[in-house]
Amino acid sequence: KKLIEFASDGYCYKAFRKFLENLKDNPNKNSAEQLYLFLEANHFPITADGCFLAYKSVKKQCGNRLVDHYSGQFDNSVGKIVKMDRKSCDSDRTVTCSRGLHVAAFQYAHEFRSDSTIIEVKVNPKDVVSVPNDYNNQKMRVCEYYVVKEGQSEIKQSYLSQRYIAGKVKIQTFGIDETM
């Protein structure tokens, strides 16, 4: 439905088509369906390679190394790919806090802890595990993401924005400069 809407409104819809291709690779149909709730609620941009951008709250350790709040073991420095075995992540939507890598809407990540640093992350739809049904679909569990940048401001463009779809924004993705 969104793909048809993009085409009829004159949007460049190649990114969304790639997003749908990535989503087909998600082994859990429920996770794939929950992702739409997350994207609609938070208006996250979709990148040219069919991924989406979200946020995460992390803490700084000695030497400004960015790590997760819970274990302090996951390195969330810019340019890192953070991942864990999908089988180790909880896919139950009714469980609020559980196993998995957490990403969120800017507001949720920003308000998570007062001693936090916010990072922007890029997530492939195939790596979405669960969107808990509380907090207005503002957080999710994934099994992998790429740390794009450190920052304290929210992306204001939604995934309907041509700024992200039409190839006008450069970001570094997986070690390669890419036009979105």
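Preceding this section is the structure that the text describes.
What counts, and where the lines are drawn
- Residues numbered from 1 in each chain as written.
- Predicted model: local features only at pLDDT ≥ 70, side-chain atom pairs only at ≥ 80, totals over all residues.
- Heavy atoms only, no water.
- Helix = DSSP H or I, 4+ residues; strand = E, 2+ residues; numbered from the N terminus.
- Buried < 20%, exposed > 50% of the residue type's maximum accessible area, 1.4 Å probe, protein only.
- Contact = heavy atoms within 4.5 Å.
- Areas by Shrake-Rupley, 256 points an atom, 1.4 Å probe, with all protein chains shown as cover.
- 1 Å grid on protein atoms, 1.4 Å probe; cavity = no way out; pocket = protein on both sides within 12 Å on 5 of 7 lines; lining within 4 Å.
- Points joined across faces, edges and corners; volume = space filled by probe spheres on them.
- Nonpolar A, V, L, I, M, F, W, Y, C, P; charged D, E, K, R; others polar.
- Arc of directions from axis to C-beta.

### Structural notes on the overall build of the chain
Move 1: A count of helices and strands for the chain gives 5 helices and 10 strands.
Move 2: Burial statistics for the chain: of 180 residues in total, 49% are counted as buried.
Move 3: Partitioning the intrachain contacts of the chain with sequence separation of at least 6 by distance along the chain shows that 70% fall at a separation of at least 24.
Move 4: Summing over all exposed atoms, the chain offers an accessible surface of approximately 9200 Å²; the carbon and sulfur share of this is 47%.

### Some words on the layout of surface pockets
Move 1: For the largest pocket, the calculated volume is near 560 Å³.
Move 2: Residue composition of the lining of the largest pocket, grouped by class: 12 nonpolar, 7 polar and 4 charged.

### Side note on helix α2 (residues 14–24)
Move 1: Of the residues making up α2, those classed as buried are Ala15, Phe16, Phe19, Asn22 and Leu23. All buried residues of α2 lie within an arc of 110° about the axis, which places them on one face of the element. Facing away from the buried surface of α2 by more than 90 degrees, the exposed residues are Lys14 and Lys24.

### Re unusual backbone geometry
The phi torsion of most residues other than glycine is negative, and most of the peptide bonds are trans.
Move 1: In the Ramachandran plot, Asn137 falls in the positive-phi region, its phi being about 60° despite a non-glycine side chain.
Move 2: Relative to the elements of secondary structure, Asn137 occurs in the loop between β6 (128–130) and β7 (139–142).
Move 3: According to the relative accessible area criterion, Asn137 is buried, its value standing at 15%.

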